[in-house]
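# Architecture at a glance
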4 protein chains.
Amino acid sequence: MRTLGIGLIGTGFMGRAHALAFRNANAVFELPARIHLAALADADAIRAERCASAWGFAHSHADWRQLIENPQVDLIAIATPNHLHHPMAMAALAAGKAVYCEKPLAVSLDQAREMRDAAASAGLVTRVGYNYQHNPIIALARELIDSGELGEIISFQGEFSEDFMADADTPWSWRCDPQHAGGALADLGSHLLALARHLLGAVEAVCADSHTAHRQRPASTGSNERLAIRVDDQTHALLRFANGCRGSFSTSWLKHGYKNHLAFEISGTRGTLAFDQERLNELRLYRPHERPGMDGFQRLLAGPTLPGYAAFCPAAGHQLGYNDLKTLEVRALIEAVCGMPGPGPDFAEAYEVERLATAIRLAAREQRWVEVDEL
Amino acid sequence: MRTLGIGLIGTGFMGRAHALAFRNANAVFELPARIHLAALADADAIRAERCASAWGFAHSHADWRQLIENPQVDLIAIATPNHLHHPMAMAALAAGKAVYCEKPLAVSLDQAREMRDAAASAGLVTRVGYNYQHNPIIALARELIDSGELGEIISFQGEFSEDFMADADTPWSWRCDPQHAGGALADLGSHLLALARHLLGAVEAVCADSHTAHRQRPASTGSNERLAIRVDDQTHALLRFANGCRGSFSTSWLKHGYKNHLAFEISGTRGTLAFDQERLNELRLYRPHERPGMDGFQRLLAGPTLPGYAAFCPAAGHQLGYNDLKTLEVRALIEAVCGMPGPGPDFAEAYEVERLATAIRLAAREQRWVEVDEL
Amino acid sequence: MRTLGIGLIGTGFMGRAHALAFRNANAVFELPARIHLAALADADAIRAERCASAWGFAHSHADWRQLIENPQVDLIAIATPNHLHHPMAMAALAAGKAVYCEKPLAVSLDQAREMRDAAASAGLVTRVGYNYQHNPIIALARELIDSGELGEIISFQGEFSEDFMADADTPWSWRCDPQHAGGALADLGSHLLALARHLLGAVEAVCADSHTAHRQRPASTGSNERLAIRVDDQTHALLRFANGCRGSFSTSWLKHGYKNHLAFEISGTRGTLAFDQERLNELRLYRPHERPGMDGFQRLLAGPTLPGYAAFCPAAGHQLGYNDLKTLEVRALIEAVCGMPGPGPDFAEAYEVERLATAIRLAAREQRWVEVDEL
Amino acid sequence: MRTLGIGLIGTGFMGRAHALAFRNANAVFELPARIHLAALADADAIRAERCASAWGFAHSHADWRQLIENPQVDLIAIATPNHLHHPMAMAALAAGKAVYCEKPLAVSLDQAREMRDAAASAGLVTRVGYNYQHNPIIALARELIDSGELGEIISFQGEFSEDFMADADTPWSWRCDPQHAGGALADLGSHLLALARHLLGAVEAVCADSHTAHRQRPASTGSNERLAIRVDDQTHALLRFANGCRGSFSTSWLKHGYKNHLAFEISGTRGTLAFDQERLNELRLYRPHERPGMDGFQRLLAGPTLPGYAAFCPAAGHQLGYNDLKTLEVRALIEAVCGMPGPGPDFAEAYEVERLATAIRLAAREQRWVEVDEL
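Residues numbered from 1 in each chain as written. Chains lettered and ligands numbered in written order. Predicted model: local features only at pLDDT ≥ 70, side-chain atom pairs only at ≥ 80, totals over all residues. Heavy atoms only, no water.

Moving on to the interface of chain D and chain B. If you look at the interface, chain D gives 18 residues, while chain B gives 18 residues. Connecting chain D to chain B are 3 salt bridges. For R291(B), the salt bridge identified is with E143(D), shortest N-O distance 2.9 Å. Secondary-structure elements contributing two or more residues to the side of chain D that touches chain B are α6 (136-146) and β16 (298-301) of chain D. Class assignment for the residues of the side of chain D that touches chain B results in 7 nonpolar, 5 polar and 6 charged. (Contact = heavy atoms within 4.5 Å. Salt bridge = Lys/Arg side-chain N within 4 Å of Asp/Glu carboxyl O. Helix = DSSP H or I, 4+ residues; strand = E, 2+ residues; numbered from the N terminus. Nonpolar A, V, L, I, M, F, W, Y, C, P; charged D, E, K, R; others polar.)

This is how it looks when you write it as structure tokens:
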């Protein structure tokens, strides 16, 4: 069996999530390649070495360019701040290596387009970390939609809200920087846009309203200096899908009570389904029953009949966790690199997500409907 | 104690709901007047008489104009098809009688404006049957908002969806007639708009998207004749409130699984509350806790600490029903007629609801943001 | 149409609940008799008169014996403290009048037996106010059980918990008096036992554990005097039904968070259903699906397909309230009095409920399994 | 840092769960030892070798006795059929090695006692795989109980139901063999008993009712031969805890709709908490509020404020999965082996769980209350 050398850049939350997933994937799944944790990079050489040791990587680099050039490395995983995705991915593609990049693809639509085009020219496999799409129960949702079991799809209502910025005294961070893909729409909303496209296809036109409720934040915790905030705290939008479905979209990082409320309801002429990432192992499904009154929303629990679930656990109701979704993502990645096409957005798809987000920003700024093709 | 003669026009679902509420109100509440069921009108004289007998009305009329002129009648309750609200209310006001009219106020904004102006000129008490506002737990929601316990209110997400028109073979009815205030927005959405205004005040600007998914329906059950549908099956909108709150709105009568899903989430800088009419005795409330992690949405159950609840039942968790909300509405009505001002939209407020709905329709038709004051 | 004169004894919470139901029943349902609110009795003559006036009763009595003798009165409704049920019902039966008695039937099994026998000898219609049985969605539960749709029924888990006595400083009341059918088992638990029998039939044997957590309570609010408590705060039991079903039972009036948690799960070889009175318009139902993984508990919402619901409201999801269940109970009562047999426990059935509760008390006291037929 | 050689016996579902946890633990947590996957044993030598390769074990053995003797192995993990726990653990202890054994500890109370005594004599660290106890949110539950925040604990209601044996045609398996710790009580119920003891301490007396609904099952899938079933399909019990708390307990593997319904409600004089393993990242908590009516069950979501959670994910609401609980269990194991005492049942505690289960079986068989100390 082929061995695939992984080079991971980044040692933060997402870096470790990648590392765990790469460590697990061969034990959980039967994969077409053996994963070799070849190298880990972090600008902090000591941290790079310590994490490499703890996570089982063979080598560490302080310079990510060296990692990319490392001949043991076949696949570059990028889990760094957003503004570094573009140079790292471009360098990796130039080096002829497959790229697995965290979302968002880039911090500008121009960057994203360059990355898409470079991947296409290079003919290399790329994947972008919209990990929520790899949830087995999302595969069921998509099957119910694609098979026509829900009839013609006519409405989508999606929301991704959290509350980690709800307190006006939560300080400025790179997430507040428009140059780093900051703001609720870019940080959270893009997950929902990716999911909407995954399930329902392209969006043709949008109208939107963005709002910054906390217009200043402390420069750092406890600081008296206050920085102006130029990114959105919340964005509401209307979506028109190419398939005729109409929808609403909202995202906020101020909405008290929500911690990971990536939720949607999709309704068709023959039924409705609903999902909330805060209960990621459940799908609510309604289909009318031939006996009136005997229908109601059902709570489906993820179980081994769903693709990928049984590899973690043979019994329903035992639940996958956040990190398991990452392992599922890595499975799709490895299979794709080995020539087995499968699910998961590549750079071309991630570019479309960025384009859609950009259209929403434009619609909010100009207070008008925007055709996504304007961009 | 003063006796107040009630004249009720209409014997359908809403007519009976009115009758039950008028029958109950004196036994449930200590009111400033004794309700006398003076007269009931229905164009079908036999039905009028039969219902009057069953419901306890002293007289019946086949001609509603006679009911209005009946000297035993002090207050006119209108529970007829929407296009009749205007002539009946105008006649009642001309006769110097208080009016309790079902929603929507009228079938056009011009009619609604006339009714508002006539009520103002006459100096008579009016009320419009947005009964959901009289839910005691909605009073709690409003108190939490008005008191500042939720902080500055920054987002509203509202939906009123049902599925009674989901089947494309459900035949045409007056609800499909744009001349009769048909369509999901007018029929269902107006309840949500009234509630949004009740809780958060005026809306300044809207953008909207309306959609007719089933463009034809049978002329009647089983008929081969198909009529074109010109009203909306669903409408999504963005709302900007005068207080700075941003919101989204959606309404549908096609959304499978929902039977009375008049629901909202209102979020402020210090908390979030959520409500769904399908569980009308519950309010979900989130407020951050000083100990991180010890906060979560709470399910508050209606009980005797809420205004009006204890008159029905002295214990929490025993639940009010749909008809009880109507009894609460009648209480507010009787008190208002007796000079005790209280909650409940009058013609002036109901006109504002119509104006807002009209702005949404305009925004959807012209595909642009509309300032409500344009109308 | 026959007129039926109602004589109601009691003006407390339950008295008013009866009054409301009698006022409503003819307007909600087409009944075989016209209800006449003939007389209301309360030992406090002024209160009797005031309530009679407010609730629409023609006469008032300070002496309940006079009410029973009142020739305008055909049916005696008893909504008084528990220890008065026996003398009042016995007198009513002796006077040849039908009796509608609040639960529990009596404060001792001997009393209950006498009442049962007197009713049988007199050949009169009796009903006991286990109003929760009249919930239309409970009729659906029973249909699902009786029809075999759930297969052979094998387990019952029932709980009726509230928290109104949770505070150790809540003072002594008649509910704490064993001579007045005090204690959680008698006050709350009997509702659950009645419901268990209604749904699943007779219980053959029981084992139980009763517990008094707050062994003293203030004599009255704020009093320093403390009275010993000799009734149960909570009782847990095991039940063996005659049909082979096994079950557990618990009741508490100390259980924080519950306001009206009369809940059960009934499971058979082909499905499970679950109910909670705190959401009285919902039934949760699980049936396995031919496609594994596509099954999950469904939330059925009460609607017009259920017997009795449409009389209140023609649309699903609009919800019945607590008082509506009482109106449904009165419908069954009036029909029974008019010779149309229908649902609702009579004295014979209510005696069986008392016998079962007594068996549970005995099992708890003697710490052994008890056959109900021992009593 | 010390290296700890792991020897794992068993390659089924639980074997792999162990393997994944051992692979993950060093990357997730900072542990006092480095885990070395030294050896894997399975009676099927080919399978042993294949799994060792896939899961990253250095060696494989077909004979588990060789694995125990392997000098690279410091710690023996036992994930084999229940009847093998005793000989393997005894051999491991005899070899002076720490033991991590899957639940239940043994297939008889005598075996369990021997294992407990051998562990005590050897002075070796032992742990038993009641993994649900390692859920961070269970630590919160225990803290709320131990700190007195819920007041004096007075009631426990626990249930562990699944439905994987609900179909009468599901064939006989070792789970149906009383010699192999078969039956719902041993297979599922023991998890709940372990959890009850973990949270509330010792149980003093029990009464119980066991029931076999499907008295025969096919010898194998599709077989016409039917074997008699001598283990329980469901058991209900009453529990009396040493701390005075009273409780009910039920377990079933026939209860349609439940997949992993290990659930409890624990109520004290100042609050109630509720948990369900089917939503393992949530705890429902009720505490009375100083303003009446402003209290209701809260849904707390697991997050980084809970011990152990942040190592998987820094944000609340992202959710741990089933396998993460195993990783938490391994952390506690490794720490204990390294001399850092921590949570998790050892053989002495697991013996007490077996003793309690045995008392329940005795109480059911003899239909009487049983003091646990009788055994």
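Okay, the relation of the copies chain D and chain B next. Screw-axis analysis of chain D against chain B gives a translation of 0.0 Å along the axis, an RMSD of 0.0 Å, and a rotation angle of 180°. Taken together, these values place the two copies in the relation of a two-fold axis. Across chain D, the rotation axis passes nearest the C-alpha of Q298(D), at a separation of 2.1 Å. Of the interface residues in chain D, 100% have counterparts in chain B that sit at the interface too, so the contact is made through matching surfaces. (Least-squares fit on C-alpha atoms with pLDDT ≥ 70 in both.)

Residue and element names in this part refer to chain B. Read from one edge to the other, the open sheet built from 6 strands follows the order β3-β2-β1-β4-β5-β6, with strand pairing classed as parallel. Two strands in the sheet have a free side with no partner beyond their single neighbour: β3 (59-61) and β6 (126-128). In this sheet, neighbouring strand axes are inclined to one another by 25° on average, regardless of whether the strands run parallel or antiparallel. By the bridge criterion, 3 bridges tie strand β5 (residues 98-101) to β6 in an arrangement that is parallel. (Pairing = 2+ DSSP bridges. Axes fitted to C-alpha atoms, helices over the stretch in contact; angles between N-to-C directions.)

When chain A is brought onto chain B, the operation consists of a screw motion whose angular component is 180° and whose axial shift is 0.0 Å, with 0.0 Å RMSD remaining. Taken as a fraction of all interface residues of chain A, those also at the interface in chain B reach 100%, which identifies the copy contact as same-surface.

A few words now on the sheet that holds strand β3 (residues 59-61) of chain C. Sheet strands pair by backbone hydrogen bonding; their relative direction is either parallel or antiparallel. Residue and element names in this part refer to chain C. With parallel pairing, the 6 strands of this open sheet are ordered in space as β3-β2-β1-β4-β5-β6. Each end of this open sheet is capped by a strand with a single partner; those strands are β3 and β6 (126-128). Pairwise comparison of adjacent strand axes, ignoring direction, gives a mean angle of 25° for this sheet. Contacting β5 (98-101) and β6, helix α9 (residues 347-366) crosses the sheet at an angle of about 35° to β6.

Turning our attention to helix α6 (residues 136-146) of chain C. One turn of the α-helix equals 3.6 residues, which is why residues spaced by three or four share an orientation. Residues and elements named next belong to chain C. Listing the buried residues of α6 in full gives P136, I137, I138, L140, A141, L144 and I145. Where α6 begins, the side chain of N135 points an oxygen toward the backbone nitrogen of I137, at a separation of 3.0 Å. One or two steps after α6, the chain reaches G148, where phi turns positive at roughly 85°. (Buried < 20%, exposed > 50% of the residue type's maximum accessible area, 1.4 Å probe, protein only. Polar contact = N/O pair within 3.5 Å; in protein donor to acceptor, adjacent residues only side chain to side chain.)

Further remarks concern the pairing of β5(C). Residues in a regular strand point their side chains to alternate faces of the sheet. Residues and elements named next belong to chain C. Neither face of β5 is open: one carries A98 and Y100, the other V99 and C101, and all of them are buried. Relative to β5, strand β4 (residues 75-78) is paired through 4 bridges, and the arrangement is parallel. Within β5, the residue paired with L75 across the bridge is A98. In terms of handedness, the path from β4 via helix α4 (residues 85-94) over to β5 forms a crossover that is right-handed. Note that the unit made of β5, helix α5 (residues 109-122) and β6 has a crossover that is right-handed. (Right-handed = clockwise from strand over helix to strand, strands pointing away.)

Looking now at helix α5 (residues 109-122) of chain A. Residue and element names in this part refer to chain A. Between its first and last C-alpha atoms α5 spans 20 Å; for 14 residues at 1.5 Å apiece the expected length is 20 Å, and the two agree. Taken residue by residue, α5 has L109, Q111, A112, M115, A118 and A119 as its buried positions. Those residues of α5 that are buried are in contact with α4 (85-94), β6 (126-128) and α9 (347-366). Count one or two residues on from α5 and you reach G123, which has phi positive near 65°. (Expected span 1.5 Å × (residues − 1).)

On the chain B side, the residues contacting the 45 residues of chain A number 45 residues. Interface area, chain A with chain B, both sides summed: about 3400 Å², of which 53% is carbon and sulfur. Inspection of the chain A/chain B interface yields 6 salt bridges. Its salt-bridge partner being D209(B), residue R240(A) comes within 2.5 Å of it at the nearest N-O pair. (Buried area = accessible area lost by both parts, 1.4 Å probe.)

By convention, interface size is frequently given as the accessible area that disappears when the constituent parts associate. Residue and element names in this part refer to chain A. Looking at chain A, the domain boundaries give domain 1 (2-130) and domain 2 (132-366). Of note, the centres of domain 1 and domain 2, computed from C-alpha atoms alone, are 24 Å apart. Taken together, the contact between domain 1 and domain 2 spans 44 residues of the former and 44 residues of the latter. For the pair domain 1 and domain 2, the summed buried surface comes to about 3800 Å²; carbon and sulfur atoms form 71% of the total. The tally of links from domain 1 across to domain 2 stands at 1 salt bridge. One salt bridge connects K326 with E102, and the closest N-O pair in it is separated by 2.6 Å. Here domain 1 is connected to domain 2 by 14 residue pairs in polar contact (both at pLDDT 80 or more). Secondary-structure elements contributing two or more residues to the side of domain 1 that touches domain 2 are β1 (2-9), α1 (13-28), β2 (33-41), α4, β5 (98-101), α5 and β6. Sorting elements by how many residues they give to the side of domain 1 that touches domain 2 places α1 first, with 10 residues. (Domains from an automatic or database assignment.)

A few words on the packing of helix α7 (residues 184-200) of chain A against α9(A). Residues and elements named next belong to chain A. Taken N-terminus to C-terminus, the directions of α7 and α9 make an angle of 120°; their axes are 9 Å apart at the nearest point. Looking at the two axes, α7 sits oblique to α9. For α7 against α9, the interelement crossing comes out right-handed. Counting all contacts with α7, which are made through L185, A186, S190, L193, A194 and R197, the residues of α9 involved are E349, E352, V353, L356, A357, I360 and R361. Grouping the constituent residues of the contact of α7 with α9 by class yields 8 nonpolar, 1 polar and 4 charged. (Parallel < 35°, antiparallel > 145°, perpendicular 65-115°, else oblique. Left-handed = near helix turned anticlockwise from the far one by under 90°.)

Time to look at the confidence of the model for chain A. Of the residues in chain A, 100% have a pLDDT of 70 or more, and the chain-wide mean is 96. Among the scores for the predicted complex, ipTM is 0.95 and pTM is 0.97. (pLDDT = per-residue confidence, 0-100.)

So, about the pattern of salt bridges. According to the stated counting rule, one finds 99 salt bridges over all chains in the structure shown. Ionic pairing is found between D42(A) and R47(A), a salt bridge with its closest N-O pair at 4.0 Å. The shortest N-O distance in the salt bridge between D233(C) and R217(C) comes to 3.8 Å. Taken together, the residues D233(C) in the loop between β10 (226-228) and β11 (234-241) and R217(C) in strand β9 (residues 216-218) connect sequence positions 16 residues apart. What makes R217(C) buried here is its relative accessible area of 0%. Through salt bridges that share partners, E159(A), K255(A), E265(B) and R284(B) make up one connected network.

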